[in-house]
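# Chains, contacts and geometry: an overview
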Protein chains: 4
Amino acid sequence: MVGQTTLFSGHGALQPGRGPVRTGVTIILPHSDNLFLHKVQAAVYTLNGYGKAVGFEQVRELGVVESPIALTNTLNVGLVADALVQHAIRQNPGIGIETGTVNVIVGETNDGYLNDIQGRHVRLEHVLAAIENASSVPVREGAVGAGTGTLCMGWKGGIGTASRILPVEMGGFCLGALVQSNFGSPGDLVICGVPVGQYLSPLRLPQASGTSPELNSFQPADRGSVMIVLATDAPLDSRQLSRLCVRAGAGLARVGSNYGHGSGDFVIAFSTAWINEHYPESILRSQQVLADEGKVMEALFRGVVESVEEAVLNTLAAGVDMTGRDQHRAMSLPVEDVLALIRRFRNSL
Amino acid sequence: MVGQTTLFSGHGALQPGRGPVRTGVTIILPHSDNLFLHKVQAAVYTLNGYGKAVGFEQVRELGVVESPIALTNTLNVGLVADALVQHAIRQNPGIGIETGTVNVIVGETNDGYLNDIQGRHVRLEHVLAAIENASSVPVREGAVGAGTGTLCMGWKGGIGTASRILPVEMGGFCLGALVQSNFGSPGDLVICGVPVGQYLSPLRLPQASGTSPELNSFQPADRGSVMIVLATDAPLDSRQLSRLCVRAGAGLARVGSNYGHGSGDFVIAFSTAWINEHYPESILRSQQVLADEGKVMEALFRGVVESVEEAVLNTLAAGVDMTGRDQHRAMSLPVEDVLALIRRFRNSL
Amino acid sequence: MVGQTTLFSGHGALQPGRGPVRTGVTIILPHSDNLFLHKVQAAVYTLNGYGKAVGFEQVRELGVVESPIALTNTLNVGLVADALVQHAIRQNPGIGIETGTVNVIVGETNDGYLNDIQGRHVRLEHVLAAIENASSVPVREGAVGAGTGTLCMGWKGGIGTASRILPVEMGGFCLGALVQSNFGSPGDLVICGVPVGQYLSPLRLPQASGTSPELNSFQPADRGSVMIVLATDAPLDSRQLSRLCVRAGAGLARVGSNYGHGSGDFVIAFSTAWINEHYPESILRSQQVLADEGKVMEALFRGVVESVEEAVLNTLAAGVDMTGRDQHRAMSLPVEDVLALIRRFRNSL
Amino acid sequence: MVGQTTLFSGHGALQPGRGPVRTGVTIILPHSDNLFLHKVQAAVYTLNGYGKAVGFEQVRELGVVESPIALTNTLNVGLVADALVQHAIRQNPGIGIETGTVNVIVGETNDGYLNDIQGRHVRLEHVLAAIENASSVPVREGAVGAGTGTLCMGWKGGIGTASRILPVEMGGFCLGALVQSNFGSPGDLVICGVPVGQYLSPLRLPQASGTSPELNSFQPADRGSVMIVLATDAPLDSRQLSRLCVRAGAGLARVGSNYGHGSGDFVIAFSTAWINEHYPESILRSQQVLADEGKVMEALFRGVVESVEEAVLNTLAAGVDMTGRDQHRAMSLPVEDVLALIRRFRNSL
């Protein structure tokens, strides 16, 4: 389940700080029940650690997620983490008093090219609203929630999702990916194998009048990042979920990422089929596990690579033109031009 | 340099929440200059990841610390992280606008046995005050700053420090440890090899009237944690600093820790002799490094083990009796009784 | 410097065991001097750990390589490791007696589809010969040394190399990659963005008479693996070299790898500009390091991705048709057909 | 099940190489059946990676052990790994031909102070003999198998074991430790809290005539190492087994280890209650897992710390005086003197 709150102050509406607000928060709920009481098996993976993700240490140690997963902007991580703590306490008044504390998870990318990032505009009410409006209807993509102000491969990025279902003989499991895309250089963009970035560039498109394309029409390379959340109903333990996470990197590479120096690239994976109870009834329990790891994982790996690639492309396909702080502009990917390129390519073979 | 703000609401002064406030924040500054501009080489190590430390991913990736290191209580991590972000922005107005964002580091232990931990009482002003009052005078130990409400091996714990100087033939380097102690079970306490925990127990000491010693005289085993910060002037790179961190575990084991399931045990190490400039003047520079890693590291390892053990004991030696929320009581270790035990033991050999 | 010994028993010459020998050893020497005395800074990275690489633990701990790096087949790892130990003892008679022991590094892939892998035919003399014939002339590619019997994306794979030189303003450093390719599924092959695997398949090419293409014309997916060695003259420490290693995964993804379940994908990187002396003259020394990590690493990352992709393609371009044990056949990639495909594609855009 | 082959050439019998042979191999079999077909859940942990352990990468990735675990001396690792490969092929003729390859596990310590280590005397026949004679009778301790020529805290070390059984309310599980002890400095030895190393030293005991105690009566600090194998019948997954491994470090610290620079300290853990079939009958299966991780792990952690400490002490208690290559001598710990010290200490309290 996904819920999102989009902060968008209107075209050109200046904040007391640096200008327009173009940011938000996206919440991923592994299930609709109390996550602190009914934790899901999980894993995290750091492809490039130049980022401020919160809550990873405990997931590595205990292999579970016990709170909503929040995505937001880089400088807002502290406030969003605190909001998740407050939410958990409201839902579970015994936290820190009669039982242990709660581990909250926050991912982030830097939307400071368009957004007034120093303002840290995402507050408790926005986090609670996103949790409240979370549902299992198809996720809104593009400039929404944590993707409101992000850029990807030089174009307007945002939130995107994709999924795969395994053949029945491999268990028929589902695998879904949600990405917050904010990485990469325009020239590197590859779509379905076509080096789109060599033919289409935001630099060659019309600019905001009076601005220099070199200076402000796309985000500098060292400000990127991408957050990837993988969900599956296959009963994977945290070691196996870690293996899924690694394959997200292949999906990013397919669209042209080099996992750049300044790009914090993080992956979180969870399984909805493996619940750890906060108050277990006994010491042991019975759990479905993979008997044939190779067969199922091979299929899931392919699903991860394809879903991550597709989810990133969906963030581009759902892009909108946007003007942000200091007249910084982002263009949406011209989908028709891209389709024409791909069509010419396919016909040539 | 260390600065601390202690929040202590007075004996029995109830908060609107759960009761007295017994918490605070301890700030470690690797140097007195702007840390964002002049980063120090660093490493982090997770001995047991059942904790909520913030900022570790980027230290692993880039090997530097670029903000003050804050220690506080578990549920306060988000607000303290946000306070450090605000501090960094004040000091460096270009963060997120003209240059990258800042990675802040927060460690925590759960002081919820004595403290009204849900109240998250450590706020921006307390963090700024601790940074402001940081100095290089000897660190106040015991129930101060982030150690105000912590317990260690069943007794009142807190902040403690210790250090060693290497012989000149091994470089004459300094190694210091600061710990925020909040771990362990009373029966396991060992001091200088003497199993003190088998002879002295907070359970056998006089209790608060009307309370049952079994129920509330010490913190349950699964609520512990310890944060350890190591500082050295040896020119170690982040790989070498990681190796130092691992040895902190041996120091903890010497006082009786088993790195319990619920104890988030984390180590951060930095070197003041290896500065990375945020705005470097050139691509390359010259740096002193260890030519004889074995010789120096062997000596530093011993220094870490001894300093961590001693720093933990110093948190106990500086203990004070304290009453916290819900009439929870903590006893200070009866130092004279311990000394008598050790004296008898030494005389016997 | 690279040296290789190729074991190739001649068409159809059956071994007492399972049949023809199609294997060998490839040796990488970071420099021409005594590596035990003059170690190079290094790092290792495990992208998928389904493999038997030897010597990785000590590289992670100490950050150096102190022996030749050998690549061979999976079941031959023990004998090749022992051969490297013998070589090190001959060169340094004090090993294990007057000084410490030596850490040798062996990588492997499974060439058991073509090779009599149980025979473990690579012996001391072959390892010594490869070390002896090592030189800095351009590396022979294709079915040579450790690549003699390997398959890649369903076609004949082998040894391949590629390199990049950074612009002067980024230091002018060199970055080279050597791969032993033995991974992937035919349908996934992508070359320069063209999904070649969807148009050309070893299954659709003429087979050995009397054999069923489905059963034996290419290696099953779960037997793959790839070893990647990265070399640079940039003065990187082991943390920075680790970061290079991670980007090798993006290069593999570009040619169609999903880092399959059964594929042991390992990366080793070293810098020739950072030497650690076994017998240092003093405790400290001066070392060139990166002052501007972001700028140099960003350029090196791109170099790694491009070099690894190109090196893999070079293993395919240098392929030869081969018949191995049990009449197993491998086809070389039909380069002219691939070029025609790419030409059509390029002309279409 | 444990089997051991001890190579011991007789007092002073010089080898063509450096002198007497004082080494061997110790084999740990997680169960008596075919391990390749019936793999056990496992984990590995590197406390200090200055060592040459083989097979760790695949255990980390797949979480299973699929061959006997062999312990031997440092320079013999290649030959022993090859012997395990040969053993696996004999037992499973399809390895590398009809199915995948096998991952063998070898641990080592450096016994070169007493042993002619360059001779690499442990060969196939010795490995096979140890596997053959493996049984579940109590393990022989001291100078046997891989412990034949090792030293610990300056005294004769070797093989040692210890175990704990959990209370029924924590599942009643068993936890056993086997160590190959070869680490530490004489002055640091602590037994039951008594700093024995400050009162008893091999340096103050009678030496071999004509030798200088300073030069050769104990192994230099940088040649140590320790291998620890943990076994349990609790149904732990590999993440949970990793957590067990970490606590072995606390056991080592209790006897005086600082995890010295040159000491390769490695831990391997497996569960006999979690079997992965090489040829599974279906995609999924049902598995007992911990419902209450905290409760069981807390008890197992204590068991690991105590068992490792006790197993190390058992290697000392089983020590024998030994003369090795170049008239190097090792003394056995004078157990009576130690007991007297401890008795005085206990009586004093």
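Residues numbered from 1 in each chain as written. Chains lettered and ligands numbered in written order. Predicted model: local features only at pLDDT ≥ 70, side-chain atom pairs only at ≥ 80, totals over all residues. Heavy atoms only, no water.

### Some details on the relation of the copies chain D and chain B
Overlaying chain D with chain B gives an RMSD of 0.0 Å, the required rotation being 180° about an axis along which the chain moves by 0.0 Å. A rotation of that kind, with that shift, is consistent with a two-fold axis. Across chain D, the rotation axis passes nearest the C-alpha of Gly-193 of chain D, at a separation of 2.0 Å. Residue by residue, 100% of the interface of chain D is reproduced at the interface of chain B, so both copies engage with the same surface. (Least-squares fit on C-alpha atoms with pLDDT ≥ 70 in both. Contact = heavy atoms within 4.5 Å.)

### Re the interface of chain D and chain B
Across the contact, 38 residues belong to chain D and 38 residues belong to chain B. For the pair chain D and chain B, the summed buried surface comes to about 3000 Å²; carbon and sulfur atoms form 49% of the total. Our count for the chain D to chain B interface comes out at 2 salt bridges. Where Asp-188 of chain B meets Arg-302 of chain D, a salt bridge forms, and the shortest distance between an N and an O atom there is 2.7 Å. Taken together, the links from chain D to chain B amount to 21 residue pairs in polar contact (both at pLDDT 80 or more). Of all the secondary structure elements, the ones that give two or more residues to the side of chain D that touches chain B are β3 (38-48), α5 (238-254), α6 (293-317) and α7 (335-348) of chain D. (Buried area = accessible area lost by both parts, 1.4 Å probe. Salt bridge = Lys/Arg side-chain N within 4 Å of Asp/Glu carboxyl O. Polar contact = N/O pair within 3.5 Å; in protein donor to acceptor, adjacent residues only side chain to side chain. Helix = DSSP H or I, 4+ residues; strand = E, 2+ residues; numbered from the N terminus.)

### What about the interface of chain B and chain A?
Counting from both sides, the interface comprises 43 residues of chain B and, opposite them, 43 residues of chain A. Here chain B packs against chain A, burying approximately 3500 Å² in sum over the two surfaces, 52% of which is carbon and sulfur. Inspection of the chain B/chain A interface yields 4 salt bridges. Here Asp-82 of chain B makes a salt bridge to Arg-120 of chain A, at a shortest N to O gap of 2.8 Å. The element best represented in the side of chain B that touches chain A is helix α2 (residues 77-91) of chain B, accounting for 7 residues.

### So, the confidence of the model for chain A
All names here are of chain A. Within chain A, residue pLDDT values average 91, and 91% of them lie at 70 or more. Note on residues 206-219: pLDDT under 50 across the span, and 28 contacts to partners over four residues away in sequence or across chains. Across the interface, the model reports ipTM at 0.94; the global pTM reads 0.95. (pLDDT = per-residue confidence, 0-100.)

### Quick look at the sheet that holds strand β9 (residues 159-165) of chain A
Residues and elements named next belong to chain A. Strands sit in the order β4-β3-β12-β11-β10-β9 across an open sheet of 6 strands; the sheet is mixed. Each having just a single partner strand, β4 (64-65) and β9 make up the two edges of the open sheet. Sheet analysis places strand β11 (residues 225-232) next to strand β12 (residues 264-277), joined by 8 bridges and oriented parallel. Counterpart to Ile-228 in the pairing with β12 is Val-267. Strands in contact with helix α6 (residues 293-317) are β9, β10 (174-182) and β11; relative to β9, the strand with the most contacts, it is inclined by about 150°. (Pairing = 2+ DSSP bridges. Axes fitted to C-alpha atoms, helices over the stretch in contact; angles between N-to-C directions.)

### What to know about the packing of helix α7 (residues 335-348) of chain A against helix α7 (residues 335-348) of chain C
Where α7 of chain A contacts α7 of chain C, the two axes come as close as 8 Å, and the packing angle between them is 145°. Note on packing geometry: the crossing formed by α7 of chain A with α7 of chain C is right-handed. Across from Arg-344, Phe-345 and Ser-348 of chain A in α7 of chain A, the residues of α7 of chain C making contact are Arg-344, Phe-345 and Ser-348 of chain C. Here the contact of α7 of chain A with α7 of chain C is built from residues that sort into 2 nonpolar, 2 polar and 2 charged. (Left-handed = near helix turned anticlockwise from the far one by under 90°. Nonpolar A, V, L, I, M, F, W, Y, C, P; charged D, E, K, R; others polar.)

### Considerations on unusual backbone geometry
The backbone of Met-153 of chain A shows a phi angle near 55°, a positive value even though the residue is not glycine. Mapping Met-153 of chain A onto the fold places it in the loop between β7 (151-152) and β8 (155-156). You will see that Gln-327 of chain B, though not glycine, has its phi angle at about 60°, which is positive. In this structure, Gln-327 of chain B sits in the loop between β14 (322-323) and β15 (329-330).

### Section: the side chain of Thr-5 of chain A
Residues and elements named next belong to chain A. Mapped onto the elements of the fold, Thr-5 is located in strand β1 (residues 2-8). Looking at Thr-5, its side chain comes within polar contact range of the main-chain nitrogen of Ala-130, at 3.2 Å. Filtering out sequence-adjacent residues up to four positions away, Thr-5 remains in contact with Thr-23, Gly-24, Val-25, His-126, Ala-129, Ala-130, Asn-133 and Gly-145.

### Structural notes on the environment of Pro-202 of chain D
One can find Pro-202 of chain D in the loop between β10 (174-182) and α4 (213-216). Considered as a pair, Pro-202 of chain D and Lys-156 of chain D are 46 residues apart in the sequence and their alpha carbons are 9.7 Å apart.

### Overview of the packing of aromatic side chains
One pass over the structure, following the stated rule, counts 6 aromatic pairs over all chains. Between the aromatic rings of Phe-345 of chain A and Phe-345 of chain C, the centroid separation amounts to 4.0 Å while the plane-to-plane angle is 75°, which identifies the pairing as edge-to-face. Linking Phe-345 of chain A in helix α7 with Phe-345 of chain C in helix α7, this pair reaches from one chain into another. For Phe-345 of chain C, a relative accessible area of 0% puts it in the buried group. (Phe/Tyr/Trp six-rings, centres within 6.5 Å; stacked < 30°, edge-to-face > 60°. Buried < 20%, exposed > 50% of the residue type's maximum accessible area, 1.4 Å probe, protein only.)

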